[in-house]
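Residues per chain are reported as follows:
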Amino acid sequence: MRRWKPSFPDYRSVIGPGTEVTGSISFDGGLHLDGRIVGDVTGRRSESGAPASAISIAATGVVEGNLDVPPVVIDGTVYGDVRAAQRAELASGARIRGTLFYGALEMDRGAEVDGKLVPLDAAVASESREDRGGPPAPDESAEEGVRAAAGAGSPGGRPGPT
């Protein structure tokens, strides 16, 4: 199986181990996190709407807040919602305690999401139905309160018996 490799912008910012940043962050380019951010993290988009930013969160990296960056690679922990409009890649050490909105998703065995998994095209369809005054679309793809353990080997991508 060929793995997708994100075309990250050049890294412009690194938050190293032992460093804690408190407050919301907005950035462009690549951001690598080995430390801790207490606040929301937003990656800027270019004027064309294409991603101008990307984040990689190492095993020691922690975000306590919402994350809104087009492509994300996570091997650390996020306590908050993650919105990855382009793609979310969750390595085996990834821990997300919140809703994951994604354009495309790749999860390694051992990655965990304690919350909803929501593909963005389904979220957009639901929002537009609500905007027209209709009921929200049934959410068949998001599973509330589910701990998704990737790659358990069962048919259909669902975790198998342990």
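Residues numbered from 1 in each chain as written. Predicted model: local features only at pLDDT ≥ 70, side-chain atom pairs only at ≥ 80, totals over all residues. Heavy atoms only, no water.

Asker: Account for the sheet that holds strand β4 (residues 29-33), with residues named and values stated.
Answerer: What holds strands together in a sheet is hydrogen bonding between their backbones, with the strands either parallel or antiparallel. Here six strands make up an open sheet; going across it, the order is β1-β4-β7-β10-β13-β16 and the pairing parallel. The open sheet has two edge strands with one neighbour each: β1 (11-15) and β16 (105-107). Strand-to-strand twist of the sheet, defined as the mean angle between neighbouring strand axes without regard to direction, takes the value 10 degrees. (Pairing = 2+ DSSP bridges. Helix = DSSP H or I, 4+ residues; strand = E, 2+ residues; numbered from the N terminus. Axes fitted to C-alpha atoms, helices over the stretch in contact; angles between N-to-C directions.)

Asker: Describe the sheet that holds strand β6 (residues 41-43), listing the residues and the values that go with them.
Answerer: Strands sit in the order β3-β6-β9-β12-β15-β18 across an open sheet of six strands; the sheet is parallel. Strands with a single pairing partner mark the edges of an open sheet, and in this sheet they are β3 (25-27) and β18 (117-119). Both β6 and strand β9 (residues 67-68) contribute to a ladder of two bridges, which runs parallel. Across the sheet, Val 41 pairs through a bridge with Leu 67, a residue of β9.

Asker: Summarise the confidence of the model for the chain; cite the residues concerned and give the values.
Answerer: Overall, the prediction assigns the chain a mean pLDDT of 79, with 67% of residues at 70 or greater. Low pLDDT, under 50, characterises residues 134-162; the predicted model gives this stretch 46 contacts beyond four residues in sequence or across chains. (pLDDT = per-residue confidence, 0-100. Contact = heavy atoms within 4.5 Å.)

Asker: Requested: an account of the pairing of strand β7 (residues 53-57), with residues and values cited.
Answerer: Counting buried residues in β7 gives five out of five residues, a clear majority hidden from the surface. Inspection of the sheet shows β4 paired to β7 by five bridges, in the parallel sense. Bridged to Gly 30 within β7 is Ala 54. Strand direction decides the pairing type here: β7 and strand β10 (residues 71-74), joined by three bridges, are parallel. Across the sheet, Ser 56 pairs through a bridge with Val 73, a residue of β10. (Buried < 20%, exposed > 50% of the residue type's maximum accessible area, 1.4 Å probe, protein only.)

Asker: Tell me about the pattern of salt bridges, residues and numbers included.
Answerer: The full count for this structure, using the stated rule, is six salt bridges. One salt bridge in this structure joins Glu 64 and Arg 36, with 2.1 Å as the shortest N-O distance. On the criterion of sequence distance, the pair formed by Glu 64 in strand β8 (residues 62-64) and Arg 36 in strand β5 (residues 36-38) is long-range, its members being 28 residues apart. A relative accessible area of 33% means that Glu 64 is categorised as partly exposed. In the salt-bridge network here, residues are joined through shared partners; they are Glu 20, Arg 36 and Glu 64. (Salt bridge = Lys/Arg side-chain N within 4 Å of Asp/Glu carboxyl O.)

Asker: Report on the environment of Arg 87, specifying residues and quantitative values.
Answerer: Relative to the elements of secondary structure, Arg 87 occurs in strand β13 (residues 87-90). In sequence terms Arg 87 and Phe 101 are 14 residues apart; their C-alpha atoms lie 9.3 Å from each other. One polar contact links Arg 87 to Glu 106, side chain to side chain, over a distance of 3.0 Å. (Polar contact = N/O pair within 3.5 Å; in protein donor to acceptor, adjacent residues only side chain to side chain.)

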